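Report on the structure
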Amino acid sequence: MNSTGSLRDAASCRDAIAAGTSAVRELLGVLWQVQGGELGALLTELDDLAAVAGGARVAVVAEAETRGEISSSQEGSTAGWVAANAPSLAAGNGAGQVARLVRESARPDLAPVRDAATTGQVNVPVALTVLTEHARLRPRLRDEAAPTVLRGLLDMGIADGTRGVRSVRPALLAAYGADGEFQDDADAAERLVSLSRPSSDELGALTYQLVLDPVGAAVLEAAIGPLSAPVRGPGGERDRRSVQVRRGQALVEVCRRATSAGDRPPAGVKTTLILTMGLDDLAARTGAATVLGSAQGGALIAPETVRRLACDATVIPAVLGGTGELLDLGRATRLATAGQLTALWWRDGGCSFPGCTTPAHWCDAHHLVHWADGGASDLANLALLCGRHHSVVHRDRLAGAVAGGTISWDLVPGSYDRHLAGTSPPGVRFDSGPAA
Ligand SMILES: [Zn+2]
Ligand SMILES: [Zn+2]
């Protein structure tokens, strides 16, 4: 830590700390002497000092704990000892947090977190968030990935703090999770999707609470994106609406257009959502796809969810080869004609899942042999499904077949794979129990 090469002993370091503390106190009285342009640099110096001091505080507690100073003290607990000796940590839960950090980062595999905390690279709350996130992810990772994931969490903490640590979770799970873990998260998030009933305030404005999974958010952002852009007035004057106002009005406009479409087939594509995914991942149903463009750009979508989205004629999947080159950019109009869509609506009438009564205009056109497996976009390979049953059909990997103008479904999970592999006898009865 000493640039001159000769190491100071602890006593002279403590003298210097005392001198530095006095210097900071005295500085307040002569702050006016600091040139305006130097105030930023001064703040950086003080910030550095505070970070290093905060880290050293953790190091001292860890040292006292290791040496048995704390267990033999009057306080008896680490938090109590910290509060007694570091008055600024006594208020709130500061002492408790330092104690928890020292205790939880004692394991050898967590040494990087402890090192980052004691050198002041991350503060105590961020270090604790890294430990918590790592503990939550740990059982769901491939064994060999744990150190890489810890490093990833820590780097995000150093760069972006607590928020950064939490934001990187989907990417780490997609890249290093055991098979199916990222998809499980995505499925769990999908179950949380909700829109509250409105509550009104005294002015008559209504507040809704909307919770979306990454796919729902990507669809919403893609739909309202173009409509929420600022619009110049007739004389070229600036749009004075706030972003929030524009987004709210765009959402209402999207709903208005949807209801005015009535029960006729939509004239154009619904929403253009562009996703990229590696070909290998798409085939093997691993990894994650990335949303391009819109406010949700960069969001990760779980692999089975991508195959469901790629089914719908209004999503554009961009499949990437091994070196990231674009292999196949699906066209937005994979349903060739409006006439074809009308025929599909007429044939199925609505969601084709047994017992569902969702009308046609709320349905997706599902590819019976998935688009990702090379299924064609013609009537013999399409079936209408509502959003919920489209999810179910992909999640449980169900096979469907067109016979005599009606769709029937094999509701045994995994039937799709058996039909695709040809391990089901031809002419198997759908809707009627195990197929293979
Ligand atoms: Zn589908
Ligand atoms: Zn349905």
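Quick note: structure is the one above.
Residues numbered from 1 in each chain as written. Chains lettered and ligands numbered in written order. Predicted model: local features only at pLDDT ≥ 70, side-chain atom pairs only at ≥ 80, totals over all residues. Heavy atoms only, no water.

Along the protein chain, the regular secondary structure elements total 17 helices and 13 strands. The burial tally for the protein chain puts 35% of its 436 residues in the buried class. Sequence-distant contacts, at least 24 apart, represent 52% of the contacts inside the protein chain between residues at least 6 apart. Total accessible area computed for the protein chain in this model is approximately 24,600 Å², and 57% of it derives from carbon and sulfur atoms. (Helix = DSSP H or I, 4+ residues; strand = E, 2+ residues; numbered from the N terminus. Buried < 20%, exposed > 50% of the residue type's maximum accessible area, 1.4 Å probe, protein only. Contact = heavy atoms within 4.5 Å. Areas by Shrake-Rupley, 256 points an atom, 1.4 Å probe, with all protein chains shown as cover.)

Turning our attention to a negative patch on the surface. Taken together, the side chains of Glu38, Glu45, Asp47 and Asp48 define an acidic patch exposed on the protein surface. Judged by its relative accessible area of 53%, glutamate 45 falls in the exposed class. (Patch = residues over 30% accessible without salt bridge, like charges linked within 9 Å, V, L, I, M, F, W, Y side chains within 5 Å. Salt bridge = Lys/Arg side-chain N within 4 Å of Asp/Glu carboxyl O. Lys, Arg positive; Asp, Glu negative; His and termini not counted. Charge placed at Lys NZ, Arg CZ, Asp CG, Glu CD.)

Protein coordination at the zinc ion (ligand 2): the donors are Cys351 (SG), Cys356 (SG), Cys386 (SG) and His389 (ND1), at 2.0 to 2.3 Å from the metal. Each of the four donor atoms around the zinc ion (ligand 2) contributes to a set of angles spanning 99 to 116 degrees, which defines the coordination as tetrahedral. In the primary structure, the donors to the zinc ion (ligand 2) are separated according to the pattern C-x4-C-x29-C-x2-H. In this pair, cysteine 356 sits in the loop between α15 (338-348) and β10 (363-367) while histidine 389 sits in helix α16 (residues 387-395), placing the two residues 33 residues apart along the sequence. For histidine 389, a relative accessible area of 7% translates into the label buried. (Donors = N, O, S within 2.8 Å, 3.2 Å for Na, K, Ca; no water. Tetrahedral: all angles 85-135°; square planar, octahedral: opposite > 155°, others 65-115°.)

Judged by nonpolar contacts, the single largest core of 40 residues is most densely connected at Val82, Leu101 and Leu153. Broken down by secondary-structure element, the contributors of at least two residues to this core are α2 (39-67), α3 (78-85), α5 (94-104), α6 (111-118), α7 (124-137), α8 (146-167), α9 (169-176) and α10 (181-192). In terms of residue count, the dominant contributor to this core is α7 (seven residues). Look past the residues within four positions of leucine 153 in its chain and what remains in contact with it is Val130, Glu133, His134, Leu137, Val165, Val168 and Leu172. Counting 20 residues, the second largest nonpolar core, distinct from the first, contains Leu341, Trp345, Cys356 and Leu384. (Core = buried A, V, L, I, M, F, W, Y, C linked by side-chain atoms within 4.5 Å.)

The element strand β11 (residues 382-386) is largely enclosed, with a buried count of five among its five residues. Judged by which residues are buried, β11 turns out to be covered on both faces: Leu382, Leu384 and Cys386 on one side and Ala383 and Leu385 on the other are all buried. For β10 and β11, the ladder comprises five bridges, and the chain directions are antiparallel. Bridging from a neighbouring strand, histidine 366 pairs with alanine 383 of β11. (Pairing = 2+ DSSP bridges.)

For the rest of this paragraph, the subject is the packing of α6 against α8. Where α6 meets α8, the axes come as close as 10 Å, and the angle between the chain directions of the two elements is 20 degrees. With respect to α8, the axis of α6 lies roughly parallel. Classified by chirality, the crossing of α8 by α6 is right-handed. Residues Pro112, Val113 and Ala116 of α6 pack against Leu150, Arg151 and Leu154 of α8. (Axes fitted to C-alpha atoms, helices over the stretch in contact; angles between N-to-C directions. Parallel < 35°, antiparallel > 145°, perpendicular 65-115°, else oblique. Left-handed = near helix turned anticlockwise from the far one by under 90°.)

Further remarks concern the side chain of serine 73. Following the sequence through the fold, serine 73 ends up in the loop between α2 and α3. In terms of polar contacts, serine 73 uses its side chain to reach the backbone carbonyl oxygen of isoleucine 70, at 2.6 Å. Of the polar contacts made by the side chain of serine 73, one reaches the backbone nitrogen of glycine 76; its length is 3.4 Å. (Polar contact = N/O pair within 3.5 Å; in protein donor to acceptor, adjacent residues only side chain to side chain.)

This brings us to unusual backbone geometry. Unusually for a residue other than glycine, arginine 397 sits at a positive phi of about 50 degrees. Secondary-structure assignment places arginine 397 in the loop between α16 and β12 (399-403). Overall, arginine 397 belongs to the buried group, its relative accessible area being 7%.

Before going further, it helps to spend a moment on the packing of α3 against α5. The description of two helices packed together rests on the angle between their axes and the distance between the axes. As a packed pair, α3 and α5 sit with axes 8 Å apart at the nearest point and diverge in direction by 130 degrees. As summarised for this structure, α3 and α5 are arranged oblique, according to the angle between their axes. Crossing geometry of α3 relative to α5 is assigned as right-handed. Together, Thr78, Ala79, Val82 and Ala83 of α3 and Ala95, Gly96, Val98 and Ala99 of α5 make up the contact between the two elements. Within the contact of α3 with α5, the residues separate by chemical class into six nonpolar, two polar and no charged. (Nonpolar A, V, L, I, M, F, W, Y, C, P; charged D, E, K, R; others polar.)

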